[in-house]
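# Descriptive analysis of the structure
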Amino acid sequence: MISVRADAGRILIGKQLLPQTGKRCQALRLFGQCAIVSDTNVARQYADILKQSLISTGFRPTVITIPAGEKSKTLKQAGAVCDEMIAAGFDRQSFVIGLGGGMVGDISGFVAAIYHRGIPHVQVPTTLLAMVDSSIGGKTGVNTRDGKNLIGAVHHPLLVIDDLDVLKTLPRREFNQGFAEIIKHAVIADAKMFRTLQSRQAGEAPALQSLVKRNIEIKSRIVAKDERDRTGERALLNFGHTVGHAIERAGDYRKFLHGEALSLGIVAACAISKRRAGLAPDQRDAIVDLLRQFELPTTLPKNFPREKVFDALKFDKKFEGGKVRFVVSSRIGAAYLTNDVTLDDIREAVEAL
């Protein structure tokens, strides 16, 4: 097992960690009632293991299950979870455990942030994507009709338990989407990791623990410089996300998984980086080739509503004062935020997908 200090808590990475959750929470002096927030797919596989681990160490867990899928990440669903907690008698000494992927972590973290004005949050990610990205940094939130994560709060988890054993049950498509965030981290901050990914050793079991650890370190370092996303440092993590989020919305959050939409957003960001930041064509090609190696999409279907993608851009949180705050890369391993990118640049990149 590897222990990493990140944000306001600790992240544990290893195998057979899920049955240890009760002891790990006990070591943090948590006690009493806890809500296990999970979705219908994950709860079926892992909720009982987690519940028994908590009961055996004296906790009183209540499993709250929400429908699987991004469509559940709403203010209405967060309110329903809070209502269940109120009905079960949860108080300020209670805590929330998010058991699932990024959607579950976002909504469970948001509930923890607003319930009694903030109670502790523990995350047990069950996807590679959540382990290397959404469980780090404390961003929580829900979607609205007009865009992703427009309502939320920064609320760091006290503990994150990355049990690599749970990844064995992930469908290949679910597993591979995590590499979109890993490749993004490599492009913006770690050329060496990019070369490691090109070797195709990253998906092998012996390398997975160190790969997760490295991505946590990269994101945590960036977040530490700009926790509240005010100075522009944290915005580097949005490389590929401006177009990626718009693609998700245009597809009604059903056509593409988050990592798949991000992959397409990265391709668009590379096209814009060639034009505005001098990204070399061969480096752009290397990034696109690497996305393909992990079976991630790099082109949109011909019949995909591209105009809807462009319409969705105006709801993106990275548009401030009418200006586009866009992350570009000048070379693999480096990125920066610029206001030089125009809406025409973005439209051209989307049309070329």
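Residues numbered from 1 in each chain as written. Predicted model: local features only at pLDDT ≥ 70, side-chain atom pairs only at ≥ 80, totals over all residues. Heavy atoms only, no water.

As defined by bridge partners, strand β12 (residues 326–331) adjoins strand β13 (residues 334–338) across four bridges and the pair is classed as antiparallel. Paired with Arg 331 across the strands is Ala 334, a residue of β13. Remark: two residues form the turn of the hairpin made by β12 and β13, two consecutive strands paired antiparallel; Gly 333 in that turn has positive phi of roughly 105 degrees. (Pairing = 2+ DSSP bridges. Helix = DSSP H or I, 4+ residues; strand = E, 2+ residues; numbered from the N terminus.)

With that out of the way, let us pick up the confidence of the model for the protein. On average, the protein scores 92 in pLDDT, and the residues at 70 or more come to 94%. Within the protein, strand β10 (residues 319–320) has the poorest average pLDDT of any element, 61, and strand β5 (residues 95–100) the best, 98. (pLDDT = per-residue confidence, 0-100.)

Once that is clear, we can look at the nonpolar core. One broad rule of soluble globular proteins: the nonpolar side chains tend to lie buried together. Leu 197 and Ile 247 are the most contacted members of the largest nonpolar core, which totals 95 residues. The biggest single contributor to this core is helix α10 (residues 258–276), with nine residues. If sequence neighbours within four positions are ignored, Ile 247 has contacts with Phe 256, Ala 261, Leu 264, Leu 300, Phe 304, Val 309 and Leu 353. The next biggest cluster of nonpolar side chains, apart from the first, holds 19 residues, and it includes Ile 64, Ala 78, Cys 82 and Met 103. (Core = buried A, V, L, I, M, F, W, Y, C linked by side-chain atoms within 4.5 Å. Buried < 20%, exposed > 50% of the residue type's maximum accessible area, 1.4 Å probe, protein only. Contact = heavy atoms within 4.5 Å.)

Among the five residues of strand β9 (residues 159–163), five are classified as buried, and the element is accordingly described as predominantly covered. The side-chain alternation of β9 yields two buried faces, one formed by Leu 159, Ile 161 and Asp 163 and the other by Val 160 and Asp 162. Direction of pairing for strand β2 (residues 9–14) relative to β9: parallel, over a ladder of five bridges. Paired with Ile 13 across the bridge in β9 is Asp 162. Relative to β9, strand β6 (residues 121–125) is paired through two bridges, and the arrangement is parallel. Note that in β9 the partner of Val 122 across the bridge is Leu 159.

Here we come to the packing of helix α3 (residues 75–87) against helix α4 (residues 102–114). Their axes nearest at 10 Å, the elements α3 and α4 cross at an angle of 60 degrees. Comparing their axes, α4 and α3 come out oblique. In this structure, α3 meets α4 at a crossing whose hand is right-handed. Residue-level contacts link Leu 75, Gln 77, Ala 78, Val 81, Cys 82 and Met 85 of α3 to Ile 107, Phe 110, Val 111 and Ile 114 of α4. Partitioned by chemical class, the residues of the contact of α3 with α4 number nine nonpolar, one polar and no charged. (Axes fitted to C-alpha atoms, helices over the stretch in contact; angles between N-to-C directions. Parallel < 35°, antiparallel > 145°, perpendicular 65-115°, else oblique. Left-handed = near helix turned anticlockwise from the far one by under 90°. Nonpolar A, V, L, I, M, F, W, Y, C, P; charged D, E, K, R; others polar.)

All right, on to the environment of Leu 129 then. Residue position: Leu 129 is located in helix α5 (residues 128–134). With 50 residues separating them along the chain, Leu 129 and Phe 179 place their C-alpha atoms 7.2 Å apart. With near-sequence residues (within four places) excluded, Leu 129 lies in contact with Ser 134, Gln 177, Gly 178, Glu 181, His 258 and Gly 259.

Further remarks concern the pattern of salt bridges. With the rule as written, the count across this model stands at 21 salt bridges. With a closest N to O distance of 3.4 Å, Lys 168 and Asp 165 form a salt bridge. By relative accessible area, Lys 168 is classed as exposed at 64%. The partner of Glu 295 in a salt bridge is Arg 172, with the nearest N and O atoms 2.9 Å apart. Note that Glu 295 is positioned in the loop between α11 (281–293) and α12 (306–312) and Arg 172 in helix α6 (residues 172–189), a separation of 123 residues in sequence. (Salt bridge = Lys/Arg side-chain N within 4 Å of Asp/Glu carboxyl O.)

At a closest axis distance of 10 Å, the pairing of α10 and α11 adopts a crossing angle of 175 degrees. In terms of orientation, α10 and α11 fall into the roughly antiparallel class. Contact residues: α10 offers Ser 263, Ile 266, Val 267, Cys 270 and Lys 274, while α11 offers Pro 281, Arg 284, Ile 287, Val 288 and Leu 291.

Each pair of aromatic rings is reported with the distance of its centres and the angle of its planes. As enumerated under the stated definition, the model contains four aromatic pairs in all. The interplanar angle of 80 degrees and the centroid separation of 5.5 Å between the aromatic rings of Phe 59 and Phe 95 together place this pair among those described as edge-to-face. Highlighted residues: Phe 59 in the loop between α2 (40–55) and β4 (60–66) and Phe 95 in strand β5, separated in sequence by 36 residues. When sorted by exposure, Phe 59 lands in the same class as Phe 95, which is buried. When the ring of Phe 179 is compared with that of Phe 294, the centres are 4.1 Å apart and the planes differ by 15 degrees; the resulting orientation is stacked. (Phe/Tyr/Trp six-rings, centres within 6.5 Å; stacked < 30°, edge-to-face > 60°.)

Here seven strands make up an open sheet; going across it, the order is β1-β2-β9-β6-β5-β3-β4 and the pairing mixed. Where the open sheet ends on each side, the last strands, each with one partner, are β1 (2–6) and β4. Neighbouring strand axes in the sheet, compared pairwise and without regard to direction, differ in orientation by 20 degrees on average. Running at roughly 160 degrees to strand β3 (residues 33–39), α2 makes contact with β3, β4 and β5 of the sheet. Its contacts with the sheet place α4 against β3, β4, β5 and β6, and it is angled at close to 170 degrees to β5.

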